[in-house]
Amino acid sequence: MSLDAWREGLFHLCWHQHGGSGLQLSFADALELPVSDRDWFLERIGEQRTREARELEKAARRR
């Protein structure tokens, strides 16, 4: 894994999007995660953001 990929992963784990979406792990907590858990969380975050985007699109069409 490249340094940029590692940094990007930490960013995704720690980022707390305005409006409450995201995990908001502390940097220290993110660093302590086992690699397998970190990878699972990163994949799951991507899935959740996709779901949220679909729901926002559906809600916008109903207006």
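Residues numbered from 1 in each chain as written. Predicted model: local features only at pLDDT ≥ 70, side-chain atom pairs only at ≥ 80, totals over all residues. Heavy atoms only, no water.

Visitor: How do you make sense of the pattern of salt bridges when you look at a structure like this?
Guide: Across all of its chains, the model carries two salt bridges by this definition. Arg38 is paired through a salt bridge with Asp39; the nearest N and O atoms lie 2.7 Å apart. Assessed through its relative accessible area of 35%, Asp39 is described here as partly exposed. (Salt bridge = Lys/Arg side-chain N within 4 Å of Asp/Glu carboxyl O. Buried < 20%, exposed > 50% of the residue type's maximum accessible area, 1.4 Å probe, protein only.)

Visitor: Where do I start with a nonpolar patch on the surface in this structure?
Guide: A cluster of nonpolar side chains, namely Met1, Leu3, Trp6, Phe27 and Leu31, defines an oily patch on the protein surface of about 550 Å² accessible area. Of all elements in the fold, only helix 1 (3-14) and helix 2 (27-32) reach the threshold of two or more residues within the nonpolar patch. As for its position among the elements, Phe27 is in helix 2. (Patch = residues over 30% accessible without salt bridge, like charges linked within 9 Å, V, L, I, M, F, W, Y side chains within 5 Å. Areas by Shrake-Rupley, 256 points an atom, 1.4 Å probe, with all protein chains shown as cover. Helix = DSSP H or I, 4+ residues; strand = E, 2+ residues; numbered from the N terminus.)

Visitor: When you look at the environment of Arg61 in this model, what are you seeing that I'm missing?
Guide: Mapping Arg61 onto the fold places it in helix 3 (residues 35-62). Residue classification places Arg61 among the exposed positions, given a relative accessible area of 62%. A sequence separation of 29 residues divides Arg61 from Glu32, and the C-alpha atoms of the two residues are 42 Å apart.

Visitor: Sorry if this is basic, but what is going on with the environment of Arg7 here?
Guide: Here Arg7 shows up in helix 1. Look at Arg7 and you get partly exposed, because its relative accessible area is 48%. With 39 residues separating them in the primary sequence, Arg7 and Gly46 have C-alpha atoms 16 Å apart.

Interpretation note: all reported values are geometric properties and have no functional meaning in isolation.
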